[in-house]
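Descriptive analysis of the structure
So the chains spell out like this:
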Amino acid sequence: MNGADVALVFRREALEILRDRRTLLAGVLLPVLLYPLLFFGTERVRRAAKRSLEGREVAIAFSPGAEEARAAIEPRLEGRVCRLVSGSFDDADVSEGGVHAIVEVRPDPRTVVVRFRSNVELSAEAASRVSGAVEEWREEERLSRLAGAGLVPDPGAPFGFVSLDAAPPERAGGALLGRLLPLVLITVVISAGSFAALDAFAGERERGTLETLLVHPVSSVDLATGKYLAILATALGSSLLNLASLSATLLLAGGLGGERAGNLRLAPGSIAGALLLLVPTAALLAGLLAEVSARARSFREGQNYILPLVLASMIPGIAALLPGVVLDPFLALLPIAGPALALREVLKGSAATLPVAIAVASTFVYAGLLVRRVGGLLDAERILREEAPERATPGAGLHARSTLVATGGTFLVVFALGFPAQARDPIGGLLATLFGIVLPAAFLVARAARVRPGEAFGFLPFRPSHLLAGASLVPAASLLSAFVLAFQQSFLPVPEALAKEMAEKLQIGTLPTLVAFLLYAASPGVCEEMLFRGAVLRGLRRDLPRFRAVLLSSVLFAAFHFSFYRFFPQAALGVLLGFLTLRAGSLWPAIVLHAGHNALVLFAGDEVAILAFDPRFLLAAALGAAAAFWIVRRPRPR
């Protein structure tokens, strides 16, 4: 590697980035300025709104028989802008222009009732003021009665209980930031480095200046290294500015130990360690950005790759959020997940030297390999032979790009609408997500990828043998998932509390068998297969080789479940489902296999892991797999 050539290319790329002031402002400086604006602006607006609401007069009506309540509440509302009235009122009188709350006292047992309307802002405020006054009155009367009877304030309490955190404040703050900061840094690094990477590769290819660089006597690796360093410098600079802006905002808000900052104190050593770990993380992400941008034939195509890259990077970064996941030498080798966990452990003050060193070293190795790969992509003869973007085939890569963009949109809708619905009602929310979001998304993704529904979903012609092929593969699929999960348990064990909580949430064991099968096995089997093995796989297959299309659709299928613990088993299952679908030319085998696998896991539970090592189950899996692929031995027309 020629250091002078690398420095020359780096200087050129850095100047190009600095000249693009609009992009620099939007991608680097604007996010930095948004931290104080977001914090102080939101806080100021909240306080102003609260002062305005507290200064408005509310009318509180007391029903007949509530005279004692009025006498007790009135002095406790002094200083609050309240107008007290007496008389007979009903709920229809509660409005912005009438009374805002009605107080009544009900006997047997004696109960103070406040009637209000939550959809009327002043009514809710009036109820809040009355509730505070009534609570003070109730507590005062309780203590008075106990004192009159000669009793201590609470004779039924044997002892008090107080929970005190013995962790130093800087360690407690580091534990909180350590779970959130890795995901924030991943987003910031990709956001800041993406515009530099796209301009350095896809932008130059589109402008026609990349060919000019390649005719100079500079090796492709040196050229890639110089561009990569410019991307890395931009991402690091933006990340440091974001961290500085966030820290300054917390300091101005009352200090890192201030009340409004939430006691987020950090030890100087933790801050230094976090800054050092930022470098390998940014190095790997910059390499990924360079790889993606170098493959893009135009700036617009490169932009379409950024969202999938963000999603793919966030999945291993979620490891820092997971309880019970401890950084060990094996996890330290995982890209992105290793440095994310190392950053969390450093901020917590519990980092072991060896795993952190492995995470740093392996991340730099991965970044170096990516740079060499990018250098291979910048082969002068290949690029000079390629058609210019404006002369290239208009539909080149269109199907795969459209598929990825539409699938990314589906992920966002499920995250924004499906998850809240399932949190409120697990069963109804699941049905709404599958049939209200996933199933329509399958048709929308197929349309975006310009794939005909008949080609995407392949329901006709129907062959009964397809159902037999899918059913025969159920033992093999369960065996594959069990082996992958057993391997994962060695470095990422699934917490028992999480599995128990999920079973309780889904009401497993309380539903009739048929209902449970239709809800948790058949419905996901149909809806998810129509989306991922139907629209997504067919859309990707139009532009990508068979293996890459199956692998990418399987990764998206695993990521769709939004669970780090289920990612690897689901990805392995997705690969099997993908190849089965392409070989059969139909969705029916995948639907039956998916539903059968879910049913086996649902009703057998932990017994599946035990069955996986039973010789009879192994024999059944082998025979079933052989029978399934013999049934679909002849590839069907795509």
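Residues numbered from 1 in each chain as written. Predicted model: local features only at pLDDT ≥ 70, side-chain atom pairs only at ≥ 80, totals over all residues. Heavy atoms only, no water.

**Points about the overall build of the protein**
Counting its secondary structure elements, the protein contains 25 helices and four strands. Sorting the 638 residues of the protein into buried and exposed places 45% on the buried side. Taking all contacts inside the protein whose residues are at least 6 apart in sequence as the whole, residues at least 24 apart take part in 78%. (Helix = DSSP H or I, 4+ residues; strand = E, 2+ residues; numbered from the N terminus. Buried < 20%, exposed > 50% of the residue type's maximum accessible area, 1.4 Å probe, protein only. Contact = heavy atoms within 4.5 Å.)

**Description of the sheet that holds strand S3 (residues 101-106)**
The mixed open sheet is built from four strands, whose spatial order is S2-S1-S3-S4. In the strand order of this sheet, the two ends are held by strand S2 (82-86) and strand S4 (111-115), each with one partner. Taken over all neighbouring pairs, the strand axes of this sheet differ in orientation by 25° on average, direction set aside. The sheet contact formed by strand S1 (residues 58-62) and S3 spans three bridges and is parallel. Looking across to S3, one finds that Ile60 is bridged to Ala101. (Pairing = 2+ DSSP bridges. Axes fitted to C-alpha atoms, helices over the stretch in contact; angles between N-to-C directions.)

**Section: helix H23 (residues 588-604)**
Along its 17 residues, H23 runs 24 Å from first to last C-alpha, staying within 8% of the 24 Å computed at 1.5 Å per residue. Listing the buried residues of H23 in full gives Pro589, Ala590, Ile591, Leu593, His594, Ala595, His597, Asn598, Ala599 and Leu602. (Expected span 1.5 Å × (residues − 1).)

**Section: the packing of helix H18 (residues 474-489) against helix H22 (residues 567-584)**
The N-to-C vectors of H18 and H22 enclose an angle of 150°; their axes lie 8 Å apart at closest approach. In terms of orientation, H18 lies roughly antiparallel with respect to H22. Two packed elements cross with a definite hand, and for H18 against H22 that hand is right-handed. Contacts between H18 and H22 pair Ala477, Leu480, Ser481, Val484, Leu485 and Gln488 from the former with Phe568, Pro569, Ala572, Leu573 and Leu576 from the latter. (Parallel < 35°, antiparallel > 145°, perpendicular 65-115°, else oblique. Left-handed = near helix turned anticlockwise from the far one by under 90°.)

**Regarding the packing of aromatic side chains**
Evaluated as defined, the whole model comprises six aromatic pairs. Seen from their ring centres, Phe567 and Phe568 are 5.4 Å apart, and the 90° between their planes marks the pair as edge-to-face. Since its relative accessible area comes to 32%, Phe568 is described here as partly exposed. What links up through ring pairs into an aromatic cluster is the set Phe411, Phe532, Phe557 and Phe560. One Lys or Arg, Arg533, reaches over the ring of Phe557 and ends 4.3 Å from the middle of that ring. (Phe/Tyr/Trp six-rings, centres within 6.5 Å; stacked < 30°, edge-to-face > 60°. Lys NZ or Arg CZ within 6 Å of the ring centre and 35° of its normal.)

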